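# Remarks on the overall topology
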Amino acid sequence: MTEHLLSLLTFLPLVGMIVVLFLPRDNGPLLKGCTLVVTLIVFLASLPLAFNDVFKTSAEMQYVEFVKWINIGDYFQMNYFVGIDGISLWLVMLTTFIMPIAVLSTWNAVDKNIKGFMALSLMLETAMLGAFISLDLFLFYIFWELMLIPMYFMIGIWGGKNRIYAAVKFFIYTAVGSLLMLVAIIYIYYHAVQSGINIDGFSILDFYNMSMEPELQTLLFLAFALSFAIKVPMFPVHTWLADAHTEAPTAGSVILAAILLKMGTYGYVRFAIPLFPEATQQFLPYLALLAVIGIIYGALVAMMQEDVKKLVAYSSVSHLGFVMLGIFALNIQGLAGGMLQMINHGISTGALFLIVGFIYERRHTRAIADFGGLAKVMPVFATVFMIITFSSIGLPGTNGFVGEFLILMGAFASELRWFAVFATTGVIFAAVYMLWMFQRVMFGKVTNPANEKLDDLSMREMALMLPLLLFVFWIGIYPNVFLEKMNPSLENLIKQSTSKQHVAVVEVEQPSLLTLNK
Amino acid sequence: MDTSLVQQAIDNVNFAAIMPALILCVVGMAALLIGVFSKRGRTFHISLICLFGLVAAGVATVGGWNQPYQFGFSGHVALDNFARFFNMTFIIGSILTILMSDDYLKREGYPISEYYPLILFTTAGAMLMASGTDMMTIFLGLEVLSVSLYVLAGLFRNQVRSNEAGLKYFLLGAFSTGFLLYGIALIYGVTGTTNLTDIGNYFIYHPALLTNPMTIAGMLLLSVGFLFKIGAAPFHMWAPDVYQGAPTPITAFMSAGPKAAAFAAFLRILLLALGGLENDWTSLLWVLAVATMTIGNVIAISQTDIKRMLAYSSISHAGYALVGIVAANEIGISGIMFYMLAYTFMNLGAFAVLTLAGKKGENNLTLDGFAGFGFKQPFLGVAMTIFLFSLMGLPPTAGFAGKFYIFAGAVKAGYLWLAVIGVLNSAVSLYYYLRVMVYMYFRDPNEEFEWVALKTGAVISIILAIIGVLYLGILPGGVMEMAKLGLF
């Protein structure tokens, strides 16, 4: 069982999709229930991964499965090669954890073509899990592209007013980047073949050990970096995000924000940095600059939004900028902070989109000006919203604080010190736009009569939020559970990104994370 | 007449080398005769006979896979794995075409029994082209194929557009055939033979003749002839009009089988006979591949008629395949073989959806006519979506595997930038393929939307095409391996 656990997790949703396709089309509760059950089973089945202590000590890939898939002799070979380490572990967990919540959030929100929506959600889960566990570049690319299809339809069919524009923009932006990456993937393969190293298909573990001339690395890194930067999204290729987030249905936004965006940051950590360490060093300042611009620009734009959902969307640009900054610090604090912040962003921004969905379902508007004084009418909702707001700002005690603190600390310790100084302003801006929005929506007098009789959160809505709140505090108070399992893999990544370099790098004494958090 | 020569020629006859084409010709003639004696307007049994003939030819083709090659007719024909692979592509294309045709012809009011035999003759011509190892055989095959296609394109004789298609195709096609013949004549003038291997050997022993203006001119004229059939820029002008005007199943048919046949023959001539000029034709085709991809994709963006849009997209796909010739290595050539098969499935599938979705006269095959189509007709909508994703080249479909194969060849041969231009072109194509889906799923249907009935034949062909597209996309290994074994 355990040796096929990853495949089971990945393809169970696909089986679920086929089942859903054969259910009667007008039985909404059955379709939703079936999808929920499938995603819950996937979540439960993924729990053994999280409780496995092997990640604490080993940076090796675990749960590895290897099946020959396409083998055309000296032409090319591809394998079904999957496995996870401490880096992908938590992203897999995040995916399986968010999916049931996203499905449950559609209960009242999706009322047309329920069957299609559920089938696409399950297909999306397969694609996302597949991308996180792939260790073969070709296999990764297949899952990476496969993600586009369900998301495209989710935005286009169930989205808001401007959905067609948003869907097409989303699709073309992300596909253009990945097509260039495809050429780079092919090139790496033949380069590896020519350089005579022993490779097993498109296995990244083999590609890690390959040395490449700096000029070549530069080109290939640019192809990968562009593709991932679009997905993250980094400034200036972030424009699709605001449209896609705003137009997507709630569940779509939640999945997009919580999981899909992590594909980009994960791509840097798993592929771009360890494959092309020298090019990474070369582009480090530029990428860090773009990350910092993203942090500040995203925050400033978010501040001026009149639509809550747009505000949350731009806050994502800002938060993902932090993640990128942490990753490019390339030291243990920065990377751990970046990885943790990916999870945090998934939880808190996912929760924010759910909250936007709650008020949209009640009032069918998302304009900040239409609200005010909701705290009096919906006290429970106000509490939940406030906690999530604090988490998004990064108040101590919540998850956001740990992530941002580690990122900034890592950036200060690295050569990105000055970038960190500017990035810190982003924390302040985050407090401004989030608290200001919270104040305008929740406090004051109820000015709009339509807001006077809103229902507080239902049981279902509480059930959605409680698990998220649990993790807000868990990660906020005792993040070590998560950090200790990524550490070995991150240490390994740092070694990979420095050891291959021709230039000697002065080792800086790094304070151990474990002492830091205890 | 010298009897020994005649005897020698008779000894050299090897019917096994042309067996698949022979079966198609015999069955085609029989079907033609049966058609004459059948009641007017009854064509279903003819289509069944022709399907049977295609299956028999398929058995004859596959039966000899990887067996010793069959040569015959004094080195004019070779039934090797290369020819067998292409034959399978032609047969699959023809089967899918015939399956979608019967109800279509009845709807449009042209239940003509000669239709099916003509498809068989076209296929036989295509087979001769793929297995021809002599310029004359290839020319013969090309003519058999072309003449049948001229008739098929102009089949709806009372429709202006179909007439235009037939006439245009005939005039331009005849003109391009002239170029081809002239090219053959010039090469023959230089080398004194029309046999491909002999020409290649002659150039090995007389390398100085490679730079002879007559050789170069011959190569260029030959290329014009084939590029016309392929529909590559700048000889693509006929394609949109002919594709739009011809009966829809014939458009589908033309864009797959005959194009693949032209690629097969072109490959043999370039690699066997003109291998010494590789540097010349790769640099020529590099430019033309880029032009073909770009022109096809850019013009397709502005089309509102789906049939015409697919016509332009077909031009761009010819451009992708040309990338494989430019690569001129094993992977590129196997890539073309695989891509042609993949393209047969996805393009015929898409056209099969169009034959069902169209109403008499086919004026509704516009983007507007497809508004809300996906929800009103779920089966056709999903099928069309799969085919469009495959045409885009998105995994896990045959189109992706095919593009990967060809671009892998280009990258391995060092044409990195050509591959980059190729994928950027795919990115352009995303827009117009996505737009069909935007109309199908994201727009509300027009008020006068009428449900179209699903016809058995076309549905079978759509299902077969879906199976083909997904099989070649998810488990392409086996067929890719076959394409590798297919190298001559």
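Residues numbered from 1 in each chain as written. Chains lettered and ligands numbered in written order. Predicted model: local features only at pLDDT ≥ 70, side-chain atom pairs only at ≥ 80, totals over all residues. Heavy atoms only, no water.

## Considering the packing of aromatic side chains
Note the following rule: The aromatic pairing rule takes the rings of Phe, Tyr and Trp, using the six-membered ring of Trp, and pairs them if the centres are within 6.5 Å, calling planes under 30 degrees apart stacked, those over 60 edge-to-face and the rest tilted. In DSSP terms, a helix is any run of H or I states spanning at least four residues, a strand is any run of E spanning at least two, and both are numbered starting from the N terminus. Only protein chains enter the accessibility calculation, which uses a 1.4 Å probe. A residue is then buried if its area is under 20% of the maximum for its type, exposed if over 50%, and partly exposed in between. Each ring is checked for a lysine NZ or an arginine CZ that lies within 6 Å of its centre and within 35 degrees of its normal; such an atom marks a charge sitting over the ring.
Scanning the model with the defined rule gives 68 aromatic pairs over all chains in all. Seen from their ring centres, Phe153(A) and Phe442(B) are 6.1 Å apart, and the 80° between their planes marks the pair as edge-to-face. Pair noted here: Phe153(A) is in helix 7 (residues 148-158) and Phe442(B) is in helix 18 (residues 416-442), and the two residues belong to different chains. The exposure classification of Phe153(A) matches that of Phe442(B), with both residues buried. Taking 6.3 Å as the distance between ring centres and 65° as the angle between the ring planes, the aromatic pair formed by Phe471(A) and Phe482(A) counts as edge-to-face. Taken together, the residues Phe471(A) in helix 20 (residues 459-477) and Phe482(A) in helix 21 (residues 480-499) connect sequence positions eleven residues apart. Judged on exposure class, the residue Phe471(A) and its partner Phe482(A) are both buried. Positioned over the ring face of Tyr360(A) is Arg366(A), at 5.2 Å from the centre of the ring. Between Lys484(B) and the ring centre of Tyr75(A), over which it is positioned, the NZ or CZ distance is 5.1 Å.

## Some details on the confidence of the model for chain A
Residue and element names in this part refer to chain A. Basically, it comes down to this: Per-residue confidence from the prediction method is given by pLDDT, with values spanning 0 to 100. Whether two residues touch is decided by their heavy atoms; if any such pair falls within 4.5 Å, the residues are in contact.
Residues of chain A with pLDDT of at least 70 account for 96%, and the chain-wide mean is 87. Confidence scores differ between elements of chain A, with helix 22 (residues 513-517) showing the lowest mean pLDDT of 44 and helix 6 (residues 137-146) the highest of 93. In this model, residues 502-518 is a region of pLDDT below 50 whose contacts with residues beyond four sequence positions or in other chains number 20 contacts.

## Things to note about the pairing of strand 2 (residues 77-84) of chain A
In regular strands, side chains alternate between the two faces of the sheet. Residues and elements named next belong to chain A. Rules: When DSSP finds at least two bridges between two strands, those strands are taken to pair.
Counting buried residues along strand 2, eight of its eight residues qualify, which places the element largely inside the surrounding structure. Neither face of strand 2 is open: one carries Gln77, Asn79, Phe81 and Gly83, the other Met78, Tyr80, Val82 and Ile84, and all of them are buried. Where strand 1 (residues 62-71) and strand 2 come together, seven bridges link them in antiparallel fashion. Residue pairing in the sheet places Gln62 in a bridge with Ile84 of strand 2. Once strand 1 ends, the chain turns through five residues before running back antiparallel as strand 2, passing Gly73 with a positive phi of about 50°.

## What about a nonpolar patch on the surface?
This is how it is decided: Patch membership requires more than 30% relative accessible area and the absence of a salt bridge. Residues of like charge join within 9 Å; the nonpolar side chains Val, Leu, Ile, Met, Phe, Trp and Tyr join within 5 Å. Where accessible areas are quoted, they stem from the Shrake-Rupley method and a 1.4 Å probe; at the residue level, only the protein chains shown are allowed to cover. A pairing counts as a salt bridge when a side-chain nitrogen of Lys or Arg comes within 4 Å of a carboxyl oxygen of Asp or Glu.
Among the surface-exposed residues, Ile460(B), Ile463(B), Leu464(B), Ile467(B), Leu470(B), Tyr471(B), Ile474(B) and Leu475(B) lie close enough to one another that they form a single nonpolar patch of about 670 Å² accessible area. Take Leu464(B): its relative accessible area is 37%, and that puts it in the partly exposed class.

## Overview of the packing of helix 16 (residues 378-392) of chain B against helix 18 of chain B
All names here are of chain B. Rule in force here: As a rule, the C-alpha atoms of each element are fitted with a line to give its axis, helices using only the stretch in contact, and angles between N-to-C directions run from 0 to 180 degrees. What sets the label is the angle itself: under 35 degrees gives roughly parallel, over 145 gives roughly antiparallel, 65 to 115 gives roughly perpendicular, and the rest give oblique. Under this grouping Gly is polar, as are all residues other than the nonpolar Ala, Val, Leu, Ile, Met, Phe, Trp, Tyr, Cys and Pro and the charged Asp, Glu, Lys and Arg.
Running from amino to carboxyl end, helix 16 crosses helix 18 at an angle of 170°, the nearest separation of the two axes being 9 Å. Taken together, the axes of helix 16 and helix 18 lie roughly antiparallel to each other. Touching Gly381, Val382, Met384, Thr385, Leu388, Phe389, Leu391 and Met392 of helix 16 are Ser426, Leu430, Tyr433, Leu434, Val436, Met437, Met440 and Tyr441, all from helix 18. For the contact of helix 16 with helix 18, a count of residues per class yields 13 nonpolar, three polar and no charged.

## What about the environment of Pro234(B)?
In this structure, Pro234(B) sits in the loop between helix 9 (213-230) and helix 10 (238-245). C-alpha separation for the pair Pro234(B) and Ile295(B), spaced 61 residues apart in sequence, amounts to 9.1 Å.

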